[in-house]
Amino acid sequence: MGKVTGFMEIDRQVGKYQPASDRIRHFREFTIPMSDAEVTKQAARCMDCGIPFCHGPTGCPVHNQIPDWNDLVYNNKWEEAIRNLHSTNNFPEFTGRVCPAPCEEACTLNLEDAPVAIKTVEQAIADKAYELGYIVPQPATVKTGKKVAIIGSGPAGMAAAQQLARAGHEVHVYERETKAGGLLRYGIPDFKMEKNFIDRRVEQMTGEGVTFHYGVNVGVDKPTEELMAEHDAVIYCGGSETPRPAGIPGVELHGVYDAMPYLVQQNRRVGRENIDSTGWPAEPILAGAKHVVVVGGGDTASDCVGTAFRQGAVKVTQLDIRPMPPEKEDKLAVWPFWATKMRTSSSQAEGANREFQVATLEFVGEDGVLTGVRCCQVDERRKPIAGTDFIIKADLAFIAIGFSGPMTTGVLSELEGKLELNTDRRGSTNVVANEQDYKTSIDKLYVAGDVRRGQSLVVWAIREGRQVARAVDEALMGASVLPR
Ligand SMILES: Cc1cc2nc3c(=O)[nH]c(=O)nc-3n(C[C@H](O)[C@H](O)[C@H](O)COP(=O)(O)OP(=O)(O)OC[C@H]3O[C@@H](n4cnc5c(N)ncnc54)[C@H](O)[C@@H]3O)c2cc1C
Ligand code: SF4
């Protein structure tokens, strides 16, 4: 344990943000890094609990050994800290930036409202390890002679590829897009995570023997069965990117878009890529000098808000059908579970006008062009309340109400009827496989990440990538030393 009395003496601190007026002028990350000394102090707050809820069932999905590396950071043992962190998480610089941190919610100190700054310490360990040159390729010393193909290079595909290459297999990653990263690169904006972090990992993995094949849409450009014939196992990590249909009248108006084309386009713009590549509309979608309405209350909606502000929107309104949550949760009733409480993302804090308990009835327009969004108040059962209709002026509207499953063209359309699918409680259609062997209904074909569990989190994708790697290694070799 770090400092025995640390939790009593030291207040929680996390990295400060640039002021909103400054950060909306660019797309880069805006958290001001904390000094090593301050990170060390934060790690000292950890109590090394007998039962560390932070990595228990409601805490960290990859079971990061949080008290151990808090202690190592407190003692300035950065190299050991990154070794420990890497033993459970291939990409802590990703999760240190974008994870909602269920570990902090579950931390025992959260009962006092000031959990250990776990995510901040995690990011600092990864960033420091890069700075000190501790993150280098770790190629396998013994090759197995087995070949594995992975479809999709999001966090699930990347984690699976790294684990399998380190176990000695020849790994080929097939990616539809021009670069690796999946939604980490093309969904999540740079202001949440800059993309050079993905490039560095791709470089490391290439040094470990992973081959990336870009611009190959499996099922369209290359049949899945051909891939299966060429490899000993194939893992499908294709994500869950089909937008949930909104069913709102007026979606055909010019100015109404799903969130994804908008976010993908801006990420391509920032990455100096063609905005019209693969699948999304080529026309530029820009919020400069516009009144913007975002329908939806989750991460994707929030990312649209932050992107619109950076493009120079005049006003951004976000519509959430759920009631406004309480400012604070009843800790004793909900801890160590994820609490429903008022959360304000950094993007919302940049000046979004948030409306709660509001249903979107219709997009209205003139001559085929959006001019407003007709809304109404709803009751607790989300039923419209008569006489509460109102119109919000809008030149641009984004629909961000979730995802209904993987892209249907490609692997799914090609294997239709052979690949077992199911529909989860959120209405998302996913590929069926359990969390032990990750096998689909087709021999040699495995599945992991959002394509199996529905749209989720980066940390869950990393967990599934690691677990499917272990399952495949075991199936190919009869035993595996890879951790689950
Ligand atoms: C806008 C947005 C914001 C988000 N913000 C956060 C956040 O802040 N924190 C967080 O933890 N999570 C966030 N998420 C969720 C997170 O990004 C995903 O849960 C995670 O990326 C899923 O990883 P994955 O590897 O399963 O799939 P993906 O990241 O979706 O990757 C799938 C990859 O497969 C490729 N692919 C698909 N089909 C084929 C094919 N047939 N052939 C070749 N390649 C194919 C795709 O091009 C893609 O690169 C966000 C999601 C979105 C949409
Ligand atoms: S629950 Fe919090 S205080 Fe306890 S070990 Fe985990 S991080 Fe440390």
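As the structure is a prediction and not an experimental result, all values here were calculated from the model.

Rules behind the numbers
- Residues numbered from 1 in each chain as written.
- Chains lettered and ligands numbered in written order.
- Predicted model: local features only at pLDDT ≥ 70, side-chain atom pairs only at ≥ 80, totals over all residues.
- Heavy atoms only, no water.
- Helix = DSSP H or I, 4+ residues; strand = E, 2+ residues; numbered from the N terminus.
- Rg over C-alpha atoms; globule rule 2.2 N^0.38 Å.
- Buried < 20%, exposed > 50% of the residue type's maximum accessible area, 1.4 Å probe, protein only.
- Contact = heavy atoms within 4.5 Å.
- Areas by Shrake-Rupley, 256 points an atom, 1.4 Å probe, with all protein chains shown as cover.
- Lys, Arg positive; Asp, Glu negative; His and termini not counted.
- Charge placed at Lys NZ, Arg CZ, Asp CG, Glu CD.
- Near = heavy atom within 4 Å.
- Polar contact = N/O pair within 3.5 Å; in protein donor to acceptor, adjacent residues only side chain to side chain.
- Domains from an automatic or database assignment.
- Buried area = accessible area lost by both parts, 1.4 Å probe.
- Core = buried A, V, L, I, M, F, W, Y, C linked by side-chain atoms within 4.5 Å.
- Nonpolar A, V, L, I, M, F, W, Y, C, P; charged D, E, K, R; others polar.
- Pairing = 2+ DSSP bridges.
- Axes fitted to C-alpha atoms, helices over the stretch in contact; angles between N-to-C directions.
- Parallel < 35°, antiparallel > 145°, perpendicular 65-115°, else oblique.
- Left-handed = near helix turned anticlockwise from the far one by under 90°.

Turning our eyes to something else, we now look at the overall build of the chain. Each helix and strand counted, the chain has 18 helices and 19 strands in total. Computed over its C-alpha atoms, the radius of gyration of the chain comes to 23 Å, within 12% of the 23 Å expected for a compact globule of 484 residues. Seen through its principal axes, the chain has C-alpha atoms that stretch 70 × 60 × 40 Å. When the 484 residues of the chain are sorted by exposure, 52% land in the buried category. For the chain, the proportion of contacts with a sequence separation of at least 24, taken over those separated by at least 6, is 67%. In the structure as shown, the chain presents an accessible area of about 20,800 Å², 52% of it carried by carbon and sulfur atoms. In the chain, the 54 positive side-chain charges and the 64 negative ones have mean positions that sit 2 Å from each other.

Bringing the site of ligand 1 into the picture now. Around ligand 1 sit 37 residues, and of these V98, E175, K192, V218 and D450 come closest. Backbone polar atom of V98 to a nitrogen atom of ligand 1: 2.8 Å apart, as the coordinates give it. In the model, an oxygen atom of ligand 1 is placed 3.2 Å from a nitrogen or oxygen of the S456 main chain. The fraction of the free accessible surface of ligand 1 (1,000 Å²) that becomes covered by protein chains is 98%. Within the residue set of the shell around ligand 1, elements represented by two or more residues are helix 9 (155-166), strand 4 (170-175), helix 13 (259-270), helix 14 (299-311) and helix 18 (458-477).

The domains assigned to the chain are domain 1 (6-131), domain 2 (147-242 + 405-477) and domain 3 (247-401). If you look at the interface, domain 1 gives 22 residues, while domain 2 gives 24 residues. Summing the contributions of domain 1 and of domain 2, the shared interface buries around 2,200 Å²; its carbon and sulfur component is 65%. Summed over the three residues of domain 1 that lose the most area to domain 2, namely N90, F91 and F94, the buried surface amounts to 29% of that side. Between domain 1 and domain 2 we count twelve residue pairs in polar contact (both at pLDDT 80 or more) in total. Among the elements that make up the side of domain 1 that touches domain 2, the one with the highest residue count is helix 6 (residues 92-98) (six residues).

Within the largest apolar cluster, 67 residues are counted, with the highest numbers of intra-cluster contacts made by F94, I125, I150, I235 and V472. Among the elements that make up this core, the one with the highest residue count is helix 18 (eight residues). Formed jointly, this core draws a minimum of three residues from each of two domains, domain 1 (6-131) and domain 2 (147-242 + 405-477). Residues in contact with I150, not counting those within four places in the same chain, are G157, A160, A161, L164, V171, H172, V173, Y174, I235 and C237.

In the vicinity of ligand 2, the contacting residues are C46, M47, D48, C49, P52, C54, I66, P67, C107, T108, V116 and I118. Looking at the shell around ligand 2 residue by residue, the classes come out as ten nonpolar, one polar and one charged.

Right, let's get into the sheet that holds strand 15 (residues 396-399). If you trace the five strands from one edge of the open sheet to the other, you get 8-15-9-10-11, paired in parallel fashion. Edge positions in the sheet fall to strand 8 (256-258) and strand 11 (353-356), since each has one partner strand and no second. Each neighbouring strand pair of the sheet contributes to a mean axis angle of 20°, computed without reference to strand direction. Judged from the four bridges that link them, strand 10 (residues 315-320) and strand 11 form a sheet pairing that is parallel. Counted as the bridge partner of L319 is E355 from strand 11. Where helix 13 meets the sheet, its contacts fall on strand 8 and strand 15, and the angle it forms with strand 8 comes to roughly 80°.

Let us now look at unusual backbone geometry. Backbone torsion omega between W335 and P336 reads 5°, so that peptide bond is classified as cis. Residues other than glycine seldom take positive phi values, yet D48 does so here, at roughly 50°. Relative to the elements of secondary structure, D48 occurs in the loop between helix 3 (36-43) and helix 4 (66-74). The class for D48 is partly exposed, based on a relative accessible area of 37%. With a phi angle near 55°, H63 is a residue other than glycine that sits in the positive phi range. With respect to the element layout, H63 can be found in the loop between helix 3 and helix 4. The exposure class of H63 is partly exposed, given its relative accessible area of 36%.

On to the packing of helix 5 (residues 78-86) against helix 8 (residues 118-131). Two numbers describe a pair of packed helices, the interaxial angle and the distance between the axes. Following both chains from N to C, one finds helix 5 and helix 8 inclined at 115°, their axes separated by 9 Å at the closest point. With respect to helix 8, the axis of helix 5 lies roughly perpendicular. Our pair here, helix 5 against helix 8, has a crossing hand that is left-handed. Within the contact between the two elements, helix 5 uses W78, A81, I82 and L85 and helix 8 uses E122, A124, I125, A126, K128 and A129. Residues that form the contact of helix 5 with helix 8 fall into these classes: eight nonpolar, no polar and two charged.

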